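Notes for the structure review
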Amino acid sequence: MKIALIAPPYPLEEAPSPPLGICMAASACEAAGAETKIIDYIVGQYTPEKLSHTLSEFKPDIVGATSVTLNFPAAAKIIRTVKEYDPSIITMMGGPHVSFDAENTLRSSPHIDLIVAGEAEATLLKWIPRAHNKSLWHEIKGLAFMDQDRFIQTGPAEFIRDIDALPLPSRRLLPLSKYKALGFPISIITSRGCPNQCIFCLGRKMVGFKVRYRSAEKVADEIEALMALGFTNINIADDLFTANKKRVKTLCDHLIKRGLSFTWSAFARVDTVDEETLLLMKQAGCLAVSFGIESGNPKMLKHVKKGVTVDQARRAAALCKKVGMRAHASFIVGLPGETEETLADTFFLARELGMEYGFHFLAPFPGTTVREEIDKYDLEILTNDWSRYDANSAIVRTSALAPARIEELVADQYKPIAKAWEEKKKRVAENKASDYERLEIESADRLSLIFSILSNDLIEDYGKLPVVQKESPMDVLSRMVAEKTGFETGFVRRYIKLWQDSGYLGLMKKDGMIKWEWT
């Protein structure tokens, strides 16, 4: 059996790291005995023609896609193309969006044969051997599908108790050289589960309230495997890495004992860190922690069941400064009952803490308490256009704030930052900037360049050249990419050479042609 799993398009600026969930699903497919392929449209341009070409080469029996709410429309469209290409292919989807909007998904997208809800690995292991016998689907928990015009949901699958038993994610199926060129951390999980009850989050419902831990040995083994692939910066993507201080100590002690030379970051809560824990994390290679603080208004924090206080946020910020830990705070704007006064408290706290911060607009995803119990809250959801659920614009209103006003207030907070950035760019252009400022601007330009190259398949589309020509292959490719991206040719050449020297890009000669390829 052959299974193709699709990572649908997603804005690179939002998630430039190798996708973890689809690699874990792929490992389950392989464990079930299926020949598995990942088709990655995050770092590659999607067109129906390219998809059809891949399908004709691989000839899958099953095609699946994962999605979150934001890219569900793109994923559903791709699955429709699969069905149009070959109606006999079994199509499936997984991920948080379809897990909590299963019936609407199946009724509005009849080209999707199956939804795998929640944790997918154990469910896939049971379903794949029975995939071609639909009558047996009813016996497997964690599935949703249509039987004639009848919606069938088989009930929730049990959470996987021993997550140490899961195979390592099949990351080798990704175009890893592209992700290495991006230069962002690669993600792992060391646990599953979230004990908190925030009304805007899916964590507790998707992976359960009871935290299940991987052993320190297994985590270290995976980190060593990632280092062998060339990744030395890792993001621990647990919902709450610091849920258990004793366990954090055990893991950090083991990483130190192994002598692994890598850096990492993690998510924490302001009420779960202390000086000893942060110092140990730093000793084990942790460079940064991220806190979801969400609001600077005490009543609002209680209202959304965040379970932390403003004073705890101040204490956590002070501790990070004391131990020299880089920290980032995330805030949500447009929460139920939001007013100009509550937002003023949030903006004040963000500045007061003295750490990096960002504001995200509330996106009431399917499955969240705030969406399912909307009548309990001072909130109106204004759209079900899932492509707008990117947390970058206001899609809700409260009795006190219209979406335009919420966006205006946030924009005012970013104006000084934007102004400082423009002044920095001007100093660089006038050759009056510091070395660090020049590095900052170049790093931003490098990201814009690689985003453009990957999103538009510029290497694939313009990397095939005649062997005999006046210019070197490096100069020709650099010039062509510069024309397409608007960057100066010398700047482009510098990074193409860097990627070649790093082994991410290679040259092949065949049939009188030279072809640049991601390795």
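Structural notes, computed from the coordinates. These figures come from a predicted structure and were not determined experimentally. (Residues numbered from 1 in each chain as written. Predicted model: local features only at pLDDT ≥ 70, side-chain atom pairs only at ≥ 80, totals over all residues. Heavy atoms only, no water.)

Description of the overall build of the protein chain
Along the protein chain, the regular secondary structure elements total 20 helices and 20 strands. In terms of overall size, the protein chain behaves like a compact globule, its C-alpha atoms giving a radius of gyration of 24 Å where 519 residues would be expected to give roughly 24 Å. The dimensions of the protein chain, computed from C-alpha atoms along their principal axes, are 70 × 70 × 50 Å. A burial count over the protein chain gives 51% of its 519 residues as buried. Contacts in the protein chain between residues far apart in sequence, at least 24 positions, make up 69% of those at least 6 positions apart. Looking at the protein chain as shown, the accessible area adds up to about 23,900 Å², and 52% of this sits on carbon and sulfur atoms. (Helix = DSSP H or I, 4+ residues; strand = E, 2+ residues; numbered from the N terminus. Rg over C-alpha atoms; globule rule 2.2 N^0.38 Å. Buried < 20%, exposed > 50% of the residue type's maximum accessible area, 1.4 Å probe, protein only. Contact = heavy atoms within 4.5 Å. Areas by Shrake-Rupley, 256 points an atom, 1.4 Å probe, with all protein chains shown as cover.)

Here we look at the layout of surface pockets
Space left empty within the atom packing is revealed by a probe, the size of a water molecule, rolled over the atoms. Estimated volume of the second largest pocket: approximately 840 Å³. Those elements that place two or more of their residues in the lining of the second largest pocket are strand S2 (35-40), helix H2 (48-58), helix H7 (176-182), helix H18 (458-462) and strand S20 (513-518). If you tally residues by element for the lining of the second largest pocket, the top one is H2, at 5 residues. Classifying every residue of the lining of the second largest pocket by side-chain character gives 11 nonpolar, 6 polar and 10 charged. (1 Å grid on protein atoms, 1.4 Å probe; cavity = no way out; pocket = protein on both sides within 12 Å on 5 of 7 lines; lining within 4 Å. Points joined across faces, edges and corners; volume = space filled by probe spheres on them. Nonpolar A, V, L, I, M, F, W, Y, C, P; charged D, E, K, R; others polar.)

Points about the side chain of Ser191
Relative to the elements of secondary structure, Ser191 occurs in strand S9 (residues 191-192). Reaching out from Ser191, the side chain makes a polar contact with the side chain of Asp238 at a distance of 2.8 Å. (Polar contact = N/O pair within 3.5 Å; in protein donor to acceptor, adjacent residues only side chain to side chain.)

Some remarks on helix H17 (residues 435-455)
Counting along an α-helix, one turn takes 3.6 residues, and residues three or four places apart therefore face a common direction. Between its terminal C-alpha atoms H17 stretches 30 Å, which fits the 30 Å expected from 21 residues at 1.5 Å a residue. Of all the positions in H17, only Glu437, Ile441, Arg446, Leu449, Ile450, Phe451, Ser452, Ile453 and Leu454 are classed as buried. Packing partners of the buried residues in H17 comprise H7, helix H16 (403-429), H18, helix H19 (473-485), helix H20 (489-501) and S20. Looking one or two residues past H17, Asp457 carries a phi angle of roughly 50 degrees, positive in sign. (Expected span 1.5 Å × (residues − 1).)

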